[in-house]
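Geometric and topological summary
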Amino acid sequence: MWALFSILLFQGILSQLVPLNTSLFADDFVSVSCPKSEACFFLDTAGNLFFSNDAGKSLKRRASLDEIKLRKIRFSGLLDGWGLDQDGGLWRTQNGGKIFTAIALPDHSGVADLAVDQKILWLVSHNRFLYRSNRQGELFLRSRLPAQAAALSVNNDNTVVILGANQGDVYYSKDGGQNWHRSLPMQGSATAIALSPTGSLIVSGCQGKLAHSNDGGHNYIELEARERTASTDLDCLRVAGFLEDGRFVLLGNAGKIMIGDRTSEKFEVAGIKTAANFSDVSVLGKGLMLVGDHGTRVHARLTQSSRLSLTKLGGNGSGITDIDIPSRNVYWVAHHNGDLTLSLDGGLKWATVETPDKKSIRISFVERRRGFILSGHHIIYGTQNSGKTWQKLGYWPDIHLIDIFFINRLRGWIVGNNGCVIRTTDGGKTWTINRLPTTLTLNKVLFVDSQRGWAVGEKQAVYKTTDGGRNWSAKLTGRGNLYSAQFEKTGKGWVAGEHGVILYTPDAGESWTPRQVPTSKTVKVLAFIDQQRGLAAGQDGELFITKDGGQNWKRLFQYTRTSFTAAACQRKNARCLLGSDRDQLFEGNPFKYVR
């Protein structure tokens, strides 16, 4: 788990997004282009364009391009670049990606693929034409293609290779597309091509098959990567590109990276921990920059001893499961893989805190140092020193436990399936199991003091206790699951769940009023900073704000399409943290710019 997160302030039309600390960003990365040493541009599925001047270690958001739906970028310098949209449209920027302008092809068709080499743009159109640009970016027709192309690869000696869109055939030209040679490696099952600076061609396919040619595809040497790795999840390989020493990088499923050597026919699976599928690659110095799901960035480069070094720079994808703010500027964040991260300065710096259980967790910290975690293995742990050491406090293997809440260092509650509530009054030394008068699953528990508490769950179940959890009474039932709740000591409360439903009570559950947000999707999290201002968040990056106690909700501008899974707010300065199912963390005051 990476120690830093992207911290983003919601503003813009209703709020403007301002990066305060940048390491992990919005969505899956779909494209990367590194025009100079250390300098890279990154594009994600939400249309955000980011720039890095330190080889991907840190990123700054450059522009929001969601309206033009780019799926691929290629930059020839720090200012000049090209983009390919989802409909095959071509776009150009001359100011480092801040603004893109549409460029029409002379044949009025769309672009199938594009590549940039030595500041020259090459592209293939759907109408089977090959175009290239001059150094000023002006396009001109190069030749008619022998077949419709699915992929394009070029190098700086005027060599062009295309992968046929229909039969997996390969066409190779050494004179910039004037004359072509056709070959059909792997009986048409080719999946990707890569051309080295020296003219070597690697063609990859399924069942771990590879073909290497040194003479423009006239002759191939067949390689069999799968036999040397005994890995079934590398069946359909994609050749990503070449390293400086002539070795090439292959990408498989679930984030597998393989290094191949065409001279010795040896292969090795690179050791790096990621489950992300890679989507694009760019040459970067002596190596490659790989990008993929969940904001993943991996820098593959050669060391001085010619060893391959793989550095994961961002992305995890495990998902944020819980957030707690026990005191001002102290942020605890829990992740699906069991990691905890801690910030003591309001999110400027982060540290990873190891836990004894590497599975999804919920957390409850009553102060900076003292807290409790509920692991995915139904075990309770406690710490009194900010996670330096942990003590096992309870284990219930036969109960599916879902949420935990401590009101102070002694009194705590856990809820789960079959109406189960487990409570402690001595900091977890001893526990008492209670059963509510229901078999429904309870998803959330919270208390406003040591005696008054609430539990919500399936079929709009809302239960209330006034004696510390010994006895519970039903206050609401209905259709649809509830996932979040917030109650005030005054008796005001809100519950949220499926179909965009938010229910409000002014009298501690005696009566309820619907407060529908403008969505039919599930609202997973609620967070109020007072009795008037609150936020509701859920699926597909939807975020809503109220400033009148929930009577009216306004949708904030979306900068991510992933789902929010956790939220917490500081009441004194109205700053909130939101976490997503792809390990994104957003921070800011979402109420400041909402009228």
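Residues numbered from 1 in each chain as written. Predicted model: local features only at pLDDT ≥ 70, side-chain atom pairs only at ≥ 80, totals over all residues. Heavy atoms only, no water.

1. Points about the overall build of the protein chain
Secondary structure assignment for the protein chain yields 1 helix and 57 strands. Over its C-alpha atoms the protein chain spans a radius of gyration of 28 Å, differing by no more than 12% from the 25 Å that the globule rule assigns to 595 residues. Dimensions of the protein chain, computed from the C-alpha atoms along their principal axes, are close to 85 × 50 × 40 Å. Buried positions account for 60% of the 595 residues belonging to the protein chain. Contacts in the protein chain between residues at least 24 apart in sequence constitute 40% of all its contacts with a sequence separation of at least 6. Total accessible area on the protein chain stands at roughly 24200 Å², and carbon and sulfur atoms take up 45% of it. Side chains of the protein chain give 71 positive and 54 negative charges; the mean places of these two sets differ by 6 Å. (Helix = DSSP H or I, 4+ residues; strand = E, 2+ residues; numbered from the N terminus. Rg over C-alpha atoms; globule rule 2.2 N^0.38 Å. Buried < 20%, exposed > 50% of the residue type's maximum accessible area, 1.4 Å probe, protein only. Contact = heavy atoms within 4.5 Å. Areas by Shrake-Rupley, 256 points an atom, 1.4 Å probe, with all protein chains shown as cover. Lys, Arg positive; Asp, Glu negative; His and termini not counted. Charge placed at Lys NZ, Arg CZ, Asp CG, Glu CD.)

2. Let's talk about the state of the cysteines
Per the stated rule, a full pass over the model turns up 2 disulfides. Disulfide pairing places Cys-34 opposite Cys-40 at an S-S distance of 2.1 Å. On the sign convention where negative is left-handed, the bridge of Cys-34 and Cys-40, at about 105° about the S-S bond, is right-handed. Note on accessibility: Cys-34 and Cys-40 belong to one class, buried. Two residues share a disulfide in this structure: Cys-569 and Cys-576, whose sulfurs sit 2.1 Å from each other. Judged by the torsion about the S-S bond (105°), the Cys-569/Cys-576 disulfide is right-handed. Residue classification places Cys-569 among the buried residues on the basis of a relative accessible area of 17%. (Disulfide = S-S within 2.5 Å.)

3. Section: the pairing of strand β35 (residues 361–365)
With 5 of 5 residues buried, β35 lies mostly within the body of the structure. Burial along β35 is two-sided: the residues Ile-361, Ile-363 and Phe-365 and Arg-362 and Ser-364 are all buried. If you look at the hairpin formed by β35 and strand β36 (residues 371–375), you'll find 5 residues sitting between the two strands. (Pairing = 2+ DSSP bridges.)

4. Points about the pattern of salt bridges
Scanning all chains against the criterion turns up 14 salt bridges. Asp-169 is the salt-bridge partner of Arg-182, the closest N and O atoms lying 3.3 Å from each other. Of this pair, Arg-182 sits in strand β18 (residues 181–183) while Asp-169 is found in the loop between β16 (160–164) and β17 (170–173), placing the two residues 13 residues apart along the sequence. Judged by relative accessible area, which is 40%, Arg-182 ranks as partly exposed. Asp-169 gets classed as buried once you look at its relative accessible area, which sits at 5%. Note that Arg-362 and Asp-322 form a salt bridge whose closest N and O atoms lie 3.7 Å from each other. (Salt bridge = Lys/Arg side-chain N within 4 Å of Asp/Glu carboxyl O.)

5. Section: the packing of aromatic side chains
Taken as a whole and assessed by the stated rule, the structure comprises 18 aromatic pairs. Relative to Trp-431, the ring of Trp-396 lies with its centre 5.4 Å away and its plane at 85°, an arrangement referred to as edge-to-face. Of the two residues, Trp-396 sits in the loop between β38 (391–395) and β39 (401–406) while Trp-431 sits in the loop between β41 (420–424) and β42 (432–435), which places them 35 residues apart along the sequence. Three or more aromatic residues joined by ring pairs make a cluster, and in this case those are Phe-372, Trp-396, Phe-406 and Trp-431. Positioned over the ring face of Phe-42 is Arg-297, at 5.9 Å from the centre of the ring. Its end group placed over the ring of Tyr-483, Lys-524 keeps NZ or CZ at 5.1 Å from the ring centre. (Phe/Tyr/Trp six-rings, centres within 6.5 Å; stacked < 30°, edge-to-face > 60°. Lys NZ or Arg CZ within 6 Å of the ring centre and 35° of its normal.)

6. Quick notes on the side chain of Asp-357
Within the secondary structure, Asp-357 is located in the loop between β34 (351–353) and β35. At 7.5 Å, Lys-359 is the nearest oppositely charged side chain to Asp-357, a buried residue that forms no salt bridge. One polar contact links Asp-357 to His-377, side chain to side chain, over a distance of 2.7 Å. For Asp-357, the contacting residues outside a window of four places in its chain are Gly-338, Ser-375, His-377, Ile-379 and Tyr-381. (Polar contact = N/O pair within 3.5 Å; in protein donor to acceptor, adjacent residues only side chain to side chain.)

7. A short note on unusual backbone geometry
Even without being a glycine, Ala-55 presents a positive backbone phi close to 60°. As for its placement among the helices and strands, Ala-55 is situated in the loop between β5 (48–52) and β6 (60–64). Here Ala-55 falls in the buried class, since its relative accessible area comes to 4%. Residue Asn-418 is not a glycine yet carries a positive backbone phi of 55°. With respect to the element layout, Asn-418 can be found in the loop between β40 (412–416) and β41. According to the relative accessible area criterion, Asn-418 is partly exposed, its value standing at 40%.

8. Here's the deal with the pairing of β17
Along a regular strand, successive side chains alternate from one face of the sheet to the other. Burial along β17 is two-sided: the face carrying Val-170 and Tyr-172 and the face carrying Tyr-171 and Ser-173 are both buried. If you look at the hairpin formed by β16 and β17, you'll find 5 residues sitting between the two strands, and Gly-168 has a positive phi there, around 70°. In the sheet, β17 pairs with β18 via 3 bridges, with the strands oriented antiparallel. Counted as the bridge partner of Tyr-172 is His-181 from β18.

9. Things to note about the sheet that holds strand β43 (residues 442–447)
Spatially, the 4 strands line up as an open sheet ordered β43-β44-β45-β46, and their pairing is antiparallel. The two strands at the open ends of the sheet, each matched to only one other strand, are β43 and β46 (473–476). Sheet twist, expressed as the mean angle between neighbouring strand axes with direction ignored, is 25°. Relative to β46, strand β45 (residues 462–465) is paired through 3 bridges, and the arrangement is antiparallel. Its bridge partner lying in β46, Val-462 is registered against Leu-476. (Axes fitted to C-alpha atoms, helices over the stretch in contact; angles between N-to-C directions.)

10. As for the sheet that holds strand β51 (residues 523–528)
What the 4 strands build is an open sheet, ordered β51-β52-β53-β54; its pairing is antiparallel. Here the strands that pair on one side only, and so sit at the sheet edges, are β51 and β54 (554–555). Taken together, the 4 bridges between strand β52 (residues 534–538) and strand β53 (residues 543–546) define a ladder with antiparallel strand orientation. Within β53, the residue paired with Gly-534 across the bridge is Thr-546.

11. Regarding the nonpolar core
The biggest cluster of nonpolar side chains holds 16 residues, and the ones touching the most others in it are Leu-535, Leu-543, Phe-564, Cys-576 and Leu-578. Those elements that provide at least two residues to this core are β51, β52, β53, β55 (564–570) and β56 (575–580). For this core, the element with the most residues is β55, which contributes 3 residues. Ala-240, Ala-270, Val-281 and Leu-288 belong to the second largest nonpolar core, which has 15 residues in total. (Core = buried A, V, L, I, M, F, W, Y, C linked by side-chain atoms within 4.5 Å.)

12. Let's talk about the side chain of Ser-109
With respect to the element layout, Ser-109 can be found in the loop between β10 (101–103) and β11 (111–117). In this structure the side chain of Ser-109 is engaged in a polar contact, spanning 2.9 Å, whose partner is the side chain of Asp-107. Polar contacts involving the side chain of Ser-109 include one to the side chain of Ser-125, which spans 3.5 Å. Ignoring anything within four residues of it in the chain, the contact list for Ser-109 reads Ser-125, His-126 and Asn-127.

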